[in-house]
Amino acid sequence: MLSNNITTLLIGAAIDVGGAIGIAIATLVVGLGLGFLAYWAVFVKKVKSAKAAADKIVEDGKAEAKTLRKEALQEAKDEQKRLRNEFDRESKERRAEIQKSEQRLLQREELLTKKELLIDKKMDSCDEYKKSLEAREKEIESLEVEISQSHSKMVEELEKVANMTVEEARQTLMDELLEGVKKDAGILAKEIENNAREEAEKKAKNIIGMAVQKCAADHAQELTVSVVSLPNDDMKGRLIGRVGRNIRALENATGIDLIIDDTPDVVTLSGFDPLRREIARITIERLVNDGRIHPARIEEMVEKVRRELDIQIKETGENAMFDANVYGVHPELVKLLGRLKFRTSYGQNVLNHSLEVSYLAGVMAAELGADIKIAKRAGLLHDIGKAVDHEVEGTHIQIGVELAKKYKENRAVIHAIEAHHNDVEPQTLEAIIVQAADAISGSRPGARRESLENYVKRLEKLEGIANSFAGVEQSYAIQAGREVRVIVKPEQVDDSSTIFLAKEIASKVESELEYPGQIKVNVIRETRSVEYAK
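Residues numbered from 1 in each chain as written. Predicted model: local features only at pLDDT ≥ 70, side-chain atom pairs only at ≥ 80, totals over all residues. Heavy atoms only, no water.

(A) Here's a closer look at the pattern of salt bridges. Summed over the entire model, instances satisfying the criterion amount to 15 salt bridges. Among the salt bridges present, the one from arginine 82 reaches glutamate 79, with a minimum N-O distance of 2.2 Å. One end of the pair is arginine 82 and the other is glutamate 79, both in helix α1 (residues 2-162) and three residues apart, which spans about a single turn. Residue arginine 82 is classed as partly exposed on the basis of its relative accessible area of 38%. Taking the relative accessible area as the measure of exposure, glutamate 79 reaches 36% and is therefore partly exposed. For glutamate 86, the salt bridge goes to arginine 82, with nearest N and O atoms at 2.7 Å. Pair noted here: glutamate 86 and arginine 82 are both in helix α1, with a separation of four residues, about one helical turn. Residue classification places glutamate 86 among the partly exposed positions, given a relative accessible area of 30%. (Salt bridge = Lys/Arg side-chain N within 4 Å of Asp/Glu carboxyl O. Helix = DSSP H or I, 4+ residues; strand = E, 2+ residues; numbered from the N terminus. Buried < 20%, exposed > 50% of the residue type's maximum accessible area, 1.4 Å probe, protein only.)

Shown next as structure tokens:
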């Protein structure tokens, strides 16, 4: 019973629940339908309004298009009108220009027609003028014949009166003109030369004076005396040795001849090589101080002195380069430069002379705007050939050039070495400067000495060269041969010819005479009037 009640209750509850759900679903369906209808009404309304807006836009576009079309048509009409106006204007201008051109052509045609008429008239007159010219030419030809005949007669009469032919008269006139021109040229050349000489001498004196003042060189000549003093005459016997063995050993080892004469306490050394002579001198002095004199000791001492001198020579060359401010010289040339310390020329030490030339060349190069380094280097090496001129054949210039080429010296330096005694013509300013510096160093007072016999011969030859010219009356060598005064005959040589005579004498002196420095040729012409009062 109980179970039946429970079942009934459950069935009733289920029926109630199912009814509620059905109601809810029905309500939901009704709500959805009403919402859809409301949305559809709104959608339809929006579509209508959008369609109306679209229709309005289309109408506005059509109206605007009509407006734009009207404006475009109006602009096209305006542009067409403007172009038509421009075309009409240009056409009028071109027609006007064409009309002007036609008028100008017509005018030219008229001018040409007039010119043709004038030319025809002139041609007619030219024919008559030609006929008159031909007649005049015939008259002129006849006159020329008459003139030539009269000229020939006149020349014949003049030749008879003057006693000379036309060629002789022409030659006489040419000689007179030449003499006059030569005289005028001589006077003008003298004036120009005097002015140039004054200016050049002034400038040269300034440069040379400045160079000499800056060169603080000793002016006392240095003499190499190959004489060795001995403590007593007994030492001569010891130097000779038993049967002359010591003196033979000395001569063989040094290559120098020993002269032992009656001069007390002195031994004289004779030899062409100054370095060997120096080795012999030092060796003898050391042997005398040591007291042990025999062939073995002599050979040992000579070898020792030679090694010491080799070191001294190298140091001397390096010191000379340092003093001259010249660097980069080949080591072999440095050694040869050091050997110049033992070489003299006319009593002047060659190394000191080379240093002087280097200093002077550097100062003059600075004043003249030349290459100072090249000038100083060439001045220092210009006499390098004298270091070995006793051993190698050739002049010291040829030897110096070969040495400089061998050790790859600068071309400008080689040329300056080659040209410093005018063996070749100097081509560079530095070569000329080295030449001048060499002359200054060699010709300064006390720099050099020469034997009396050579000095007298040089003066006699200088006077002989001057006397060999026509018109020279007397010549005198003065100032130790550095000037020659030439007195000419005034009736044979005029003032203008003295210039040419001085140049010819100087040229001959340069070609035939060897001398240090330069020689001044002074030609003097004077006229003396003498009268006696009685």
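Having seen it, we continue.
(B) Molecular detail of the environment of alanine 431. By the element assignment, alanine 431 lies in helix α12 (residues 429-443). Taking the relative accessible area as the measure of exposure, alanine 431 reaches 0% and is therefore buried. C-alpha of alanine 431 to C-alpha of valine 413: the two residues are 18 residues apart in sequence and 7.9 Å apart in space. Apart from residues lying up to four places away in sequence, alanine 431 is in contact with His415, Ala416 and Pro426. (Contact = heavy atoms within 4.5 Å.)

(C) View of the confidence of the model for the protein chain. Looking at the protein chain as a whole, the pLDDT averages 80, with 85% of positions reaching at least 70. Across residues 216-225, confidence stays below pLDDT 50; counting only partners more than four residues off in sequence or on other chains, it has 20 contacts. (pLDDT = per-residue confidence, 0-100.)

(D) Summary view of a negative patch on the surface. A cluster of like negative charges, contributed by Asp55, Glu59, Asp60 and Glu64, occupies part of the molecular surface. Along the polypeptide, aspartate 60 turns up in helix α1. Residue classification places aspartate 60 among the partly exposed residues on the basis of a relative accessible area of 45%. (Patch = residues over 30% accessible without salt bridge, like charges linked within 9 Å, V, L, I, M, F, W, Y side chains within 5 Å. Areas by Shrake-Rupley, 256 points an atom, 1.4 Å probe, with all protein chains shown as cover. Lys, Arg positive; Asp, Glu negative; His and termini not counted. Charge placed at Lys NZ, Arg CZ, Asp CG, Glu CD.)

(E) Layout of the packing of helix α5 (residues 274-290) against helix α6 (residues 295-324). Direction vectors running N to C along α5 and α6 enclose 125°, while the axes themselves pass 9 Å from each other. Looking at the two axes, α5 sits oblique to α6. Note on packing geometry: the crossing formed by α5 with α6 is right-handed. Facing α5, whose interface residues are Leu275, Glu278, Ile279, Ile282, Thr283, Arg286, Leu287 and Asp290, α6 presents Arg297, Ile298, Met301, Val302, Lys304, Val305, Arg306, Glu308, Leu309 and Ile313. Of the residues in the contact of α5 with α6, the class split is 10 nonpolar, one polar and seven charged. (Axes fitted to C-alpha atoms, helices over the stretch in contact; angles between N-to-C directions. Parallel < 35°, antiparallel > 145°, perpendicular 65-115°, else oblique. Left-handed = near helix turned anticlockwise from the far one by under 90°. Nonpolar A, V, L, I, M, F, W, Y, C, P; charged D, E, K, R; others polar.)

(F) Representation of helix α4 (residues 245-254). Buried within α4 are the following residues: Asn246, Ile247, Ala249, Leu250 and Thr254. Projected down its long axis, α4 carries its buried residues within an arc of 160°, all on one side. For α4, the elements touching its buried residues are α3 (234-240), β2 (257-259), α5 and α6. Positive phi appears at glycine 255, one or two residues downstream of α4, with a value of about 75°. (Arc of directions from axis to C-beta.)

(G) Layout of the side chain of lysine 376. Within the secondary structure, lysine 376 sits in helix α9 (residues 372-381). One buried charged side chain, lysine 376, makes no salt bridge at all; its nearest oppositely charged neighbour is aspartate 323, positioned 10 Å away. Excluding residues that lie within four positions of it along the chain, lysine 376 makes contacts with Ala324, Asn325, Val326, Ser358 and Gly362.

(H) Quick peek at the sheet that holds strand β7 (residues 483-488). A sheet is described by the order of its strands in space; here three strands give the open sequence β6-β7-β8, paired in mixed fashion. One side of each edge strand has no neighbouring strand; the edge strands of this open sheet are β6 (472-478) and β8 (520-524). Going across the sheet, the axis of each strand differs from the next one's by a mean of 20°, ignoring polarity. (Pairing = 2+ DSSP bridges.)

(I) Main features of helix α8 (residues 350-368). Its 19 residues give α8 an end-to-end C-alpha distance of 26 Å, which sits within 8% of 27 Å, the value for a rise of 1.5 Å per residue. Taking burial as the measure, the 19 residues of α8 include 14 buried ones, the bulk of the element. Looking at where α8 begins, the residue whose side-chain oxygen comes 3.0 Å from the main-chain nitrogen of leucine 351 is asparagine 349. Looking at the residues trailing α8, positive phi occurs at glycine 369, about 75°. (Expected span 1.5 Å × (residues − 1). Polar contact = N/O pair within 3.5 Å; in protein donor to acceptor, adjacent residues only side chain to side chain.)

(J) Broad picture of the sheet that holds strand β3 (residues 266-270). The antiparallel open sheet is built from three strands, whose spatial order is β1-β3-β2. Every other strand in the sheet has two partners, leaving β1 (227-229) and β2 as the edge strands with one partner each. Averaged over neighbouring strand pairs, the angle between their axes works out to 25° when direction is ignored. Bridge analysis of β2 against β3 gives three bridges, and the strand direction is antiparallel. When the sheet's bridge partners are listed, leucine 258 is paired in β3 with leucine 269. Running at roughly 155° to β3, α5 makes contact with β1, β2 and β3 of the sheet.

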